[in-house]
Amino acid sequence: MGIKLGYAPTRRSIFSAPDAVKYRNLTADKLREMGVDFVDIDDINDEGLLYDENDRLKIVEKFRREKVDGLLLAHCNFGTEYECARLAKDLNVPVLLWGPLDERPDENGRRLRDTQCGLFATGKVLRRFRVPFTYLTNCRLSDPVFERGVRDFLAVCNVVKTFRNIRILQMGPRPYDFWSTMCNEGELLEKFNIQLAPIPLPELTAAVKHAIAEDPRVGETMDYCRKNMTINVTDEQLTNVAGLAVAMEDLIAKYHCNAGAIQCWNALQDELGIMPCAANSILNEKGIPIVCETDIHGAVTALMVEAAANDGTRSFFADWTIRHPDIPNGELLQHCGPWPISVAKEKPCITYPLAFDYPGAITAEAKHGNVTLARFDGDNGEYSLLSRTSTIRSKRM
């Protein structure tokens, strides 16, 4: 998902205007060098700087027209804090505060910018306006922290943009035994505009049967599975896996959703004779998160973490099962294999899961390395996001 920044460099009249123009241009050049997509205000006034209310109104109109996803308030000298706050309040997008590190005062004590002081002032006024913001360390454009901070902020913008546009295909109610995955549909809509598109399982299974009978993509999906996975199921069972993947993708599109949550057992097995895990995996690899057990909060989490990665990295859905018996702070992550195959260290296998008699699960050891454990969840009207970085050492999907 492309992210577009509104670039609003700002100054204050009592500090050097020429130096502010110099740094607005240097900052714009750095953003271009980084490949950042941004909307400039160099056509608003001769300086291309925010400091006047009449100009601010034009900037708001331009940024709204261009549909910016975030706002960079670059303080090219002290900055005009109330204009920054008004602009941020009107746009209602994530805000990044930054300014270049000042040089030493001259021999007479004169200073060109007082950038840090201006950042503190704008931050204070933004809090008064109840506008959340990110503060990027006052630094030079050449410092690694600048590029890292901007790229982190782009990820923040992507998360906010994604979170504000969540629509989840709910395929069946939650399994009876899984009270832990219940959600409050009305509350999610009222609080966050998270919309559910519920369909009954017969609609899903009818779509699967139609795809198997009519859609050439089923055969293409089977070829994809044979090429990228070891197949330990029959051709009929693999056909059902592929048909389920095609049907879910079509239903996601039909209801204009960006993720799905499926009642993965037991009624589905009576109709199709398979577990949906491998079909989930196929869609997850395509960047369409599908989670198990009708876990709506899990689907929200998957969308958020993929948006935070902001680089095409896929999420994977797992249970935190048992603490490691020997390694403090060690944990076994396990599931029936709905994970994208790009997570696997080895060639995955479509086979039978440990706990069920039906085929359609995927097994593989996950790649080793750092991983973020995250969970969006809520109860009693309160919602939170758990996030922690850990390391995968050895694991079977």
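Structural data are supplied above this passage.
Residues numbered from 1 in each chain as written. Predicted model: local features only at pLDDT ≥ 70, side-chain atom pairs only at ≥ 80, totals over all residues. Heavy atoms only, no water.

Trainee: Explain a nonpolar patch on the surface to me, using residue names and the numbers behind them.
Mentor: Side chains of Tyr176, Trp179 and Met182 sit close together on the surface and give an oily, nonpolar patch of about 410 Å² of accessible area. Look at tyrosine 176 and you get exposed, because its relative accessible area is 66%. (Patch = residues over 30% accessible without salt bridge, like charges linked within 9 Å, V, L, I, M, F, W, Y side chains within 5 Å. Areas by Shrake-Rupley, 256 points an atom, 1.4 Å probe, with all protein chains shown as cover. Salt bridge = Lys/Arg side-chain N within 4 Å of Asp/Glu carboxyl O. Buried < 20%, exposed > 50% of the residue type's maximum accessible area, 1.4 Å probe, protein only.)

Trainee: So what about the packing of helix H8 (residues 217–228) against helix H9 (residues 235–254)? Which residues, and what values?
Mentor: One can describe the packing of H8 onto H9 by two numbers: an axis separation of 8 Å at closest approach and a directional angle of 115°. Crossing angle aside, the handedness with which H8 passes H9 is right-handed. Counting all contacts with H8, which are made through Arg217, Val218, Thr221, Met222, Cys225 and Arg226, the residues of H9 involved are Asp235, Leu238, Thr239, Ala242, Gly243, Ala245, Val246 and Asp250. (Axes fitted to C-alpha atoms, helices over the stretch in contact; angles between N-to-C directions. Helix = DSSP H or I, 4+ residues; strand = E, 2+ residues; numbered from the N terminus. Left-handed = near helix turned anticlockwise from the far one by under 90°. Contact = heavy atoms within 4.5 Å.)

Trainee: Hey, could you go over the sheet that holds strand E6 (residues 167–171) for me, with residue numbers and the actual values?
Mentor: Spatial ordering of the open sheet is given by E7-E6-E9-E10, a layout of four strands whose pairing is parallel. Because the sheet does not close on itself, it has two edges, and the strands there are strand E7 (195–199) and strand E10 (290–291). Of the strands in this sheet, E6, E7 and strand E9 (259–262) are in contact with helix H7 (residues 201–214), which crosses E7 at around 70°. (Pairing = 2+ DSSP bridges.)

Trainee: Explain the pattern of salt bridges to me, using residue names and the numbers behind them.
Mentor: When their charged atoms lie close together, side chains carrying opposite charge are able to pair. Under the criterion given, the structure shown has 24 salt bridges. The shortest N-O distance in the salt bridge between arginine 32 and aspartate 29 comes to 3.1 Å. Note that arginine 32 and aspartate 29 are positioned in helix H1 (residues 17–34) at a spacing of three residues, about one turn of the helix. For arginine 32, a relative accessible area of 47% corresponds to the partly exposed category. On the basis of relative accessible area, aspartate 29 is assigned to the partly exposed category, the value being 44%.

Trainee: With reference to specific residues and values, describe the sheet that holds strand E14 (residues 361–363).
Mentor: The strand order E8-E13-E14 describes an open sheet built from three strands, whose pairing is mixed. In the strand order of this sheet, the two ends are held by strand E8 (230–231) and E14, each with one partner. Relative to strand E13 (residues 349–351), E8 runs parallel, the two sharing two bridges. Each residue of the ladder has a partner; that of threonine 230, found in E13, is cysteine 349.

Trainee: Quick rundown of unusual backbone geometry? Include the residues and the values.
Mentor: Residues other than glycine predominantly adopt negative phi, and peptide bonds predominantly adopt the trans conformation. At the junction of tryptophan 265 and asparagine 266, the peptide bond is cis and its omega measures out at 10° in the coordinates. With respect to the helices and strands, asparagine 266 occurs in the loop between E9 and helix H10 (267–272). Of note, threonine 294 is a non-glycine position whose phi angle comes to about 50°, a positive value. Checked against the element boundaries, threonine 294 lands in the loop between E10 and helix H12 (296–309). In this structure threonine 294 comes out as buried when scored by relative accessible area, which is 3%.

Trainee: Can you tell me about the environment of leucine 136, naming the residues and giving the values?
Mentor: Turning to its location among the elements, leucine 136 is positioned in the loop between strand E5 (134–135) and helix H5 (144–163). A relative accessible area of 5% places leucine 136 in the buried class. Residues leucine 136 and valine 218, spaced 82 residues apart in sequence, show a C-alpha to C-alpha distance of 49 Å. Residues in contact with leucine 136, not counting those within four places in the same chain, are Leu96, Leu97, Trp98, Val145, Phe146, Gly149 and Val150.

Trainee: Just give me the short version of the side chain of asparagine 280, but keep the residues and values in it.
Mentor: Of note, asparagine 280 is situated in helix H11 (residues 277–285). Setting aside residues no more than four positions away along its own chain, asparagine 280 makes contact with Met248, Ile262, Ile290, Cys292 and Pro338.

Trainee: Tell me about helix H3 (residues 81–91), and please be specific about residues and values.
Mentor: Turning to H3, its buried residues are Glu81, Glu83, Cys84, Ala85, Leu87, Ala88 and Leu91. Where the residues of H3 are buried, they touch helix H2 (53–66), strand E3 (70–74), strand E4 (95–98) and helix H4 (115–128). Among the residues trailing H3, asparagine 92 stands out with phi positive, at a value near 55°.

Trainee: Talk me through the side chain of asparagine 138; I want residue IDs and the actual numbers.
Mentor: Tracing the backbone shows asparagine 138 in the loop between E5 and H5. Polar side-chain contacts of asparagine 138 include one of 2.5 Å to the backbone oxygen of glycine 99. Separated by 3.2 Å, the side chain of asparagine 138 and the backbone oxygen of proline 100 make a polar contact. Setting aside chain neighbours within four positions, we find asparagine 138 in contact with Gly99, Pro100, Leu101, Thr115, Gln116 and Leu119. (Polar contact = N/O pair within 3.5 Å; in protein donor to acceptor, adjacent residues only side chain to side chain.)

Trainee: Outline the nonpolar core, supporting the account with residue identities and numerical values.
Mentor: Residues Ile168, Leu204, Leu244 and Met248 are the most contacted members of the largest nonpolar core, which totals 63 residues. Sorting elements by how many residues they give to this core places H9 first, with 10 residues. When residues no more than four places from it in sequence are discounted, the contact partners of methionine 248 are Leu169, Met171, Leu204, Ile262, Ala279, Asn280, Leu283 and Ile290. (Core = buried A, V, L, I, M, F, W, Y, C linked by side-chain atoms within 4.5 Å.)

Trainee: Please give an account of the pairing of E6 that cites residues and values.
Mentor: With four of its five residues buried, E6 lies for the most part within the structure. In this structure, E6 lies alongside E7, joined through five bridges in parallel fashion. The residue bridging arginine 167 from the neighbouring strand is glutamine 195, located in E7. Bridging between E6 and E9 involves four bridges; their strand directions are parallel. Note on E9: the bridge partner recorded for methionine 171 is isoleucine 262.

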